Number of protein chains: 2
Amino acid sequence: MFRIVNTKTGPGDMDQSTDIDIGSRLKAVRLAAKLSQRELARRAGVTNATISLIEANQMNPSVGALKRVLDGLPMSLAQFFALEDAPAASKPFYAADELVEVGKGKISYRQVGADLRSRALQILVERYAPGADTGRVMLRHAGEEGGVVVRGRLEVTVADQVRVLGPGDAYYFESDQPHRFRNIGPEPCELISACTPPTF
Amino acid sequence: MFRIVNTKTGPGDMDQSTDIDIGSRLKAVRLAAKLSQRELARRAGVTNATISLIEANQMNPSVGALKRVLDGLPMSLAQFFALEDAPAASKPFYAADELVEVGKGKISYRQVGADLRSRALQILVERYAPGADTGRVMLRHAGEEGGVVVRGRLEVTVADQVRVLGPGDAYYFESDQPHRFRNIGPEPCELISACTPPTF
DNA sequence: TTTTAGTGTTCACGATCCTGAACATTCTGC
DNA sequence: GCAGAATGTTCAGGATCGTGAACACTAAAA
């Protein structure tokens, strides 16, 4: 089975769905840290041969081995692969009326950018009409999320904690904790939120 | 060398610096997708034995193998490992005056939460005084970032593109592109931004 | 009950990783 | 020029991965 990336044809042109150019990536971060193969190998507790072979895409390292190597930089696996996910640059600017509405009813979620699949981050402008509620059944999904209230007041529930946030107040939690948002005031509430990975 | 995580002692108690509980994580995301080991194996093009052994932490899969498995879900490596980085829950709410100031001079960055090391996401309330400028030397770092302007106007430069954004307008780009922020108007500008991974 | 289809687990074996050591090359200092 | 130390590369071999096939179990259908 074909596994090794042929960097001679250009790492950007390869079939992304089957293989990854780990080698170039590792070399880039190693050089950014100004380390030699041997020095990184020493810190990571692997041999310099391993680093060499990985960078040359002449082997397919195990997750554990790659983690040990990255620990020597140091860098997390998530950070390392986050570099992989960055695709072709699309347009960087979005006018207020270009934001994509992905909510409905009393809750409006206006999303920055349309195609989420290739992104590490989902940014939303959320607007809760008076009485709007994400529901008694608490939401749960993987990842982390946070936000800042811009206008109005919002009751936020995270696990067993409840608090009413006003303009300038913020929240941040891991999304696998049950959570709920509710506008219990008389005026609409607006906030800007971000979460990773995108979960819509 | 010890490589396999003993899940019987509790995956949360293990030495995070050396090993990862890939097994539980994979099982969680597989079940979230409502797939059996065999069905996932079929989609991923691996054998069900591989899935079983990985989930039982009885082997240390290669990066390529894990990628093939995750492609079957589908989920990226970055997303998968982003789940790993989430540590113990801290307090989820932050009052406006609790945000940590990390900027200086004409630019104020007020950060949601203090300890970034363990987080996947950095959320900032940014405030640019009239004339404030991140500098002619363009910023560059790894990851992705985006934001929404709340008040005032801001000139944003990304690579060779320049645009002035007003309230409600947004931006999103990969951080390795050179970028610059500048308040060229007479009034202060405020925006809320997010980036991953945290880069301060 | 028996059959069929589904689940996850275990095992032998070929393929591959990863090491330890040698090799080739390029510097720097003398 | 020649030692010395640094760099990255290559190779044999033991350790491990990943497969293909069998196994044990459960649930639903005949």
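Rules behind the numbers
Residues numbered from 1 in each chain as written. Chains lettered and ligands numbered in written order. Predicted model: local features only at pLDDT ≥ 70, side-chain atom pairs only at ≥ 80, totals over all residues. Heavy atoms only, no water. Near = heavy atom within 4 Å. Polar contact = N/O pair within 3.5 Å; in protein donor to acceptor, adjacent residues only side chain to side chain. Helix = DSSP H or I, 4+ residues; strand = E, 2+ residues; numbered from the N terminus. Nonpolar A, V, L, I, M, F, W, Y, C, P; charged D, E, K, R; others polar. Pairing = 2+ DSSP bridges. Axes fitted to C-alpha atoms, helices over the stretch in contact; angles between N-to-C directions. Buried < 20%, exposed > 50% of the residue type's maximum accessible area, 1.4 Å probe, protein only. Contact = heavy atoms within 4.5 Å. Core = buried A, V, L, I, M, F, W, Y, C linked by side-chain atoms within 4.5 Å. Salt bridge = Lys/Arg side-chain N within 4 Å of Asp/Glu carboxyl O.

Asker: Explain the protein's contact with DNA strand D to me, and be specific about the residues and the numbers.
Answerer: Contacts to DNA strand D come from 18 residues, most closely from A:S36, A:R38, B:T50, B:N60 and B:S62. Counting only atoms of DNA strand D within 4 Å of the protein, the sugar-phosphate share comes to 62%. Separating a phosphate oxygen of DNA strand D from a side-chain N or O atom of A:S36 is a distance of 2.8 Å. Interatomic distance of 2.7 Å between a backbone N/O atom of B:N60 and a phosphate oxygen of DNA strand D. Of all the secondary-structure elements, those providing two or more residues to the surface near DNA strand D are α2 (37-44) and α3 (48-55) of chain A together with α3 (48-55) of chain B. Of all the elements, α3(A) adds the most residues to the surface near DNA strand D, at three residues. Class assignment for the residues of the surface near DNA strand D results in six nonpolar, eight polar and four charged.

Asker: Any details on the protein's contact with DNA strand C? Residues and values, ideally.
Answerer: Close contacts around DNA strand C come from 18 residues, with A:T50, A:N60, A:S62, B:S36 and B:R38 the closest. In the environment of DNA strand C, a base nitrogen lies 2.6 Å from a nitrogen or oxygen atom belonging to the side chain of B:R38. Separating a base oxygen of DNA strand C from a side-chain N or O atom of B:N48 is a distance of 3.0 Å. Counting residues per element, the ones that place at least two in the surface near DNA strand C are α3 of chain A together with α2 (37-44) and α3 of chain B. Tallied by class, the residues present in the surface near DNA strand C amount to six nonpolar, eight polar and four charged.

Asker: Requested: an account of the sheet that holds strand β6 (residues 154-158) of chain A, with residues and values cited.
Answerer: All names here are of chain A. The three strands lie next to each other as β7-β6-β9, forming an open sheet whose pairing is antiparallel. Of all the strands in the sheet, the pair left with one neighbour each is β7 (161-165) and β9 (179-182). On average, each strand axis in the sheet is tilted by 15° relative to the strand beside it, whichever way the strands run. Taken together, the four bridges between β6 and β9 define a ladder with antiparallel strand orientation.

Asker: Can you explain the pairing of strand β7 (residues 161-165) of chain B? Please cite residues and give values.
Answerer: Residues and elements named next belong to chain B. The pairing of strand β6 (residues 154-158) with β7 spans five bridges and is classified as antiparallel. Pairing of V156 across the sheet is with R163, part of β7. Linking β6 to β7, which pair antiparallel, is a turn of two residues; within it A159 sits at a positive phi near 55°.

Asker: Please provide a residue-by-residue account of the environment of B:P130, values included.
Answerer: Residues and elements named next belong to chain B. Relative to the elements of secondary structure, P130 occurs in the loop between β4 (122-128) and β5 (144-151). Relative accessible area serves as the criterion here: at 32%, P130 is assigned to the partly exposed category. Along the backbone, P130 and I184 are 54 residues apart, and their C-alpha atoms lie at a distance of 6.4 Å. Contact partners of P130, with chain neighbours within four places excluded, come to K106, N183, G185, P186, E187 and P188.

Asker: Outline the nonpolar core, listing residues and values.
Answerer: Counting residues in hydrophobic clusters, the biggest one holds 42 residues, and the most contacted among them are A:F80, A:F81, B:F80 and B:F81. When near neighbours in sequence (up to four residues on either side) are disregarded, B:F81 contacts A:V63, A:L77, A:A78, A:F81, B:I20 and B:L66. If you look at the next biggest cluster of nonpolar residues, it comprises 22 residues, including A:L121, A:V148, B:V112 and B:Y172.

Asker: How would you sum up the environment of A:V162? Please name residues and give values.
Answerer: By the secondary structure assignment, A:V162 is in strand β7. The sequence separation of A:V162 and A:F181 amounts to 19 residues, and the corresponding C-alpha distance is 9.8 Å.

Asker: Break down the sheet that holds β7(B) for me, with residues and values.
Answerer: All names here are of chain B. Within the open sheet, the three strands sit side by side as β7-β6-β9. Their pairing is antiparallel. One side of each edge strand has no neighbouring strand; the edge strands of this open sheet are β7 and β9 (179-182). Ignoring which end each strand starts from, the neighbouring axes of this sheet average 15° apart.

Asker: A description of the pattern of salt bridges should follow, citing residues and the corresponding values.
Answerer: Working definition: two side chains of opposite charge can pair if their charged atoms are close together. All names here are of chain A. By the definition in use, this model includes 16 salt bridges over all chains. E39 is paired through a salt bridge with R42; the nearest N and O atoms lie 3.0 Å apart. Of the two residues, E39 and R42 are both situated in helix α2; the distance of three residues between them amounts to about one turn of the helix. Residue classification places E39 among the partly exposed positions, given a relative accessible area of 25%. The exposure class assigned to R42 is exposed, which follows from its relative accessible area of 58%. The partner of D71 in a salt bridge is K67, and the shortest N-O contact between them spans 3.3 Å. In this pair, D71 and K67 both sit in helix α4 (residues 63-71), four residues apart, roughly one turn of the helix.

Asker: A description of helix α4 (residues 63-71) of chain B should follow, citing residues and the corresponding values.
Answerer: Burial runs high along α4(B): seven of the nine residues are buried. Within α4(B), burial applies to B:V63, B:G64, B:A65, B:L66, B:K67, B:V69 and B:L70.

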